[in-house]
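# Remarks on the overall topology
If you want the building blocks of each chain, they are given just below.
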Amino acid sequence: MSLLAIEGLTLTTGGRELVSNLSLSIAPGARLGLIGESGSGKSLTALAAIGLLPPDIHAEGSVLLDGRQVIGARENDLIPIRGAAAATVFQEPLTALDPLMKIGRQVAEPLIRRYRREGRDIDRRGIAREVRDLLERVSLPDIERIVNAYPYEISGGQRQRVAIAMALACRPKLLIADEPTTALDVTTQAEILELLSKLVDENGMALLFISHDLPVVARVAEEVAVLRQGELVEQGPVKSVFRAPAHDYTRMLVAAAAAFDRALEPAQ
Amino acid sequence: MSLVSVESISFGYSRDEQVLRDVSFQVRRGVNVGLVGESGSGKSTILKLLLGLARPNSGTIRFEGEVLKPGDRAFMRGYRRAVQAVFQDPYSSLDPRQRVDAIVAEPLRALKIAGPHRPIIEAALRDVGLPSDAISRYPHEFSGGQRQRIAIARAIVARPQLILADEAVSALDLSTRIRIVELLGTLSKAMTILFVSHDLGVVASLCEEIVILEKGRIVESGRTSAVLAQPKHPYTQKLLASVPRMPA
């Protein structure tokens, strides 16, 4: 059974269709890249998957997350699925983190929620130990300092590692990453992509990776879905879609990405 | 003689923080230069100094051999005519209350260039591939890529010799980005571009020469093809290896 099964999802606001009749599914442990340019509806699709759509957006169709219907569900029924079924890492780690809370406490929050959800107890020393363990797993240096630091006191790449640690603290079956490296430098991006790949593998998580950047998606995803103005135009294995795109729009994107790649080849 | 000559400049916003250390490079007429670095490398500070918005603590910047004098109004008037800029964010760099004709005409007014301005503006809009009815519309009526075309039209309207482009395509979608890079490539037949970016692929597409900046120092520079073929400095090697590529 699919971990995430979206069927005929249509999102509208004020009579305008933002996403049209979209269907896609992710099996446990699978990695799907959702590609689209600005305004294509890719982030809205991710928000719809976890029931976090803004109130002015109307959703039709079906979203089954870990077997439970998200569309039309009451907030109280969604709270227990979030975190357990899916956790999200957003683009901008500075706004995703609470600026007034030390890193240690921010990471502790989802951790404590998970223990409560699982009906287990954990004391303060146990929390401190697990927080450090999580920060170690995302390869943060100097953990003593970072635990007691505020978000503004660490770098952008370090903040994104903290956001990933918070997502891991939930032990989700599906990790949703919405442009997680777009705000980062290229060398930091390479490190974060490698880290994400490794963690998804180690934890047997599924991955929904949203990006406008084709080569970035190629680094982490096996399957790819291409979204254009709210419509899914093409879907398939990364290698075959990028090698032989079937839709004109995908062909144009692949050609543009390949042109910048070629410019980097000194032989040309 | 170089168009721009940056000669061992150092700069810090405060006494104990050096943003640029002994930076030197040349921009020759007709040869686009890419200034590449990550956040905090000092690349935007270099642009600030080149625009005369700040002065180096030491070192000299020359334009066509003449020392840049930000306080000298007569010098700056000629300099502004010769050097224009395009910024990263096409949403914040255009005045939302002005029509496109007023936005593009701004350098003509500021530089007191004789009119009539309308044919000059129309020519600039044509050069950047905007439809002729764009002239009487407002920025919010345009997409991000079209707004960047408006910003480029404003930069080229007074026919400058040098365009300073600060991450001018970074905020654009891939399909738009490639068209704006092509546009800049076409325009650079008539003017020179100093293109500041973190994006090696874009720089390689547009610039014959490249300057790699790390933490306020130049670590490597030269012909783009040569630097990319055989990057000598470990930082350049790391940068190049970090660029994600399409699967082979």
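That block above? That's the structure.
Residues numbered from 1 in each chain as written. Chains lettered and ligands numbered in written order. Predicted model: local features only at pLDDT ≥ 70, side-chain atom pairs only at ≥ 80, totals over all residues. Heavy atoms only, no water.

### Thoughts on the overall build of chain B
- For chain B, the count of helices and strands is nine helices and ten strands.
- In terms of overall dimensions, chain B is globule-like: its C-alpha atoms have a radius of gyration of 18 Å, near the 18 Å expected for 248 residues.
- The principal-axis extents of the C-alpha atoms in chain B amount to approximately 50 × 50 × 35 Å.
- Long-range contacts, defined as pairs at least 24 residues apart, comprise 66% of the intrachain contacts of chain B with a sequence gap of at least 6.
- On chain B, roughly 11100 Å² of surface is accessible, and the fraction owed to carbon and sulfur atoms is 49%.
- Computing the positive centroid from 33 side-chain charges and the negative centroid from 25, chain B places the two 3 Å apart. (Helix = DSSP H or I, 4+ residues; strand = E, 2+ residues; numbered from the N terminus. Rg over C-alpha atoms; globule rule 2.2 N^0.38 Å. Contact = heavy atoms within 4.5 Å. Areas by Shrake-Rupley, 256 points an atom, 1.4 Å probe, with all protein chains shown as cover. Lys, Arg positive; Asp, Glu negative; His and termini not counted. Charge placed at Lys NZ, Arg CZ, Asp CG, Glu CD.)

### Notes on the interface of chain B and chain A
- Residue-level contacts link 27 residues of chain B with 30 residues of chain A.
- Across the interface of chain B and chain A, roughly 2600 Å² is buried in total on both sides, 64% from carbon and sulfur atoms.
- Of all residues in chain B, B:Leu174, B:Pro244 and B:Met246 give up the largest surface area on contact with chain A, accounting jointly for 27% of the area buried on that side.
- Counting the contacts that link chain B with chain A gives two salt bridges.
- Here A:Glu265 makes a salt bridge to B:Arg245, at a shortest N to O gap of 2.9 Å. (Buried area = accessible area lost by both parts, 1.4 Å probe. Salt bridge = Lys/Arg side-chain N within 4 Å of Asp/Glu carboxyl O.)

### A closer look at the environment of B:Asp127
- Here B:Asp127 shows up in helix 4 (residues 118-127).
- Those residues within four positions of B:Asp127 in sequence are excluded, and the remaining contacts are B:Ile156, B:Arg159, B:Leu183 and B:Leu187.

### Re the layout of surface pockets
All names here are of chain A.
- Approximately 690 Å³ is the volume found for the second largest pocket.
- In this structure, the second largest pocket is lined by 25 residues; those nearest its centre are Ala87, Thr88, Pro110, Met166 and Cys170.
- Elements that contribute at least two residues to the lining of the second largest pocket include exactly strand 6 (86-89), helix 4 (103-117) and helix 7 (156-169).
- Looking at the lining of the second largest pocket, the element that brings in the most residues is helix 4, giving six residues.
- For the lining of the second largest pocket, the residue count by class is 16 nonpolar, four polar and five charged. (1 Å grid on protein atoms, 1.4 Å probe; cavity = no way out; pocket = protein on both sides within 12 Å on 5 of 7 lines; lining within 4 Å. Points joined across faces, edges and corners; volume = space filled by probe spheres on them. Nonpolar A, V, L, I, M, F, W, Y, C, P; charged D, E, K, R; others polar.)

### What to know about the nonpolar core
- Counting 115 residues, the largest nonpolar core has A:Leu135 and B:Phe195 as the members making the most contacts within it.
- Per-element accounting of this core gives the leading share, eight residues, to helix 7 of chain A.
- Leave out the neighbours within four places in its chain, and B:Phe195 touches B:Val33, B:Gly34, B:Leu35, B:Ala165, B:Ala168, B:Val169, B:Leu184, B:Val202, B:Val203, B:Leu206 and B:Cys207.
- Formed by 35 residues, the second largest nonpolar core is a distinct cluster that contains A:Leu32, A:Leu65, A:Ile71 and A:Leu174. (Core = buried A, V, L, I, M, F, W, Y, C linked by side-chain atoms within 4.5 Å. Buried < 20%, exposed > 50% of the residue type's maximum accessible area, 1.4 Å probe, protein only.)

### Comments concerning helix 7 of chain A
Residue and element names in this part refer to chain A.
- In a regular helix each residue adds 1.5 Å, so 14 residues correspond to 20 Å; helix 7 covers 20 Å between its end C-alpha atoms and thus fits that length.
- Among the 14 residues in helix 7, 13 count as buried, and that is most of the element.
- Immediately beyond the C-terminal end of helix 7, within one or two residues, lies Arg171, with a positive phi of roughly 45°. (Expected span 1.5 Å × (residues − 1).)

### Examining the packing of helix 3 (residues 100-110) of chain B against helix 4 of chain B
Residues and elements named next belong to chain B.
- Running from amino to carboxyl end, helix 3 crosses helix 4 at an angle of 105°, the nearest separation of the two axes being 10 Å. Between helix 3 and helix 4, the crossing angle belongs to the class labelled roughly perpendicular. Contact residues: helix 3 offers Val100, Asp101, Val104, Ala105 and Leu108, while helix 4 offers Ile120, Ile121, Ala124 and Leu125.
- When grouped by side-chain class, the residues that make up the contact of helix 3 with helix 4 number eight nonpolar, no polar and one charged. (Axes fitted to C-alpha atoms, helices over the stretch in contact; angles between N-to-C directions. Parallel < 35°, antiparallel > 145°, perpendicular 65-115°, else oblique.)

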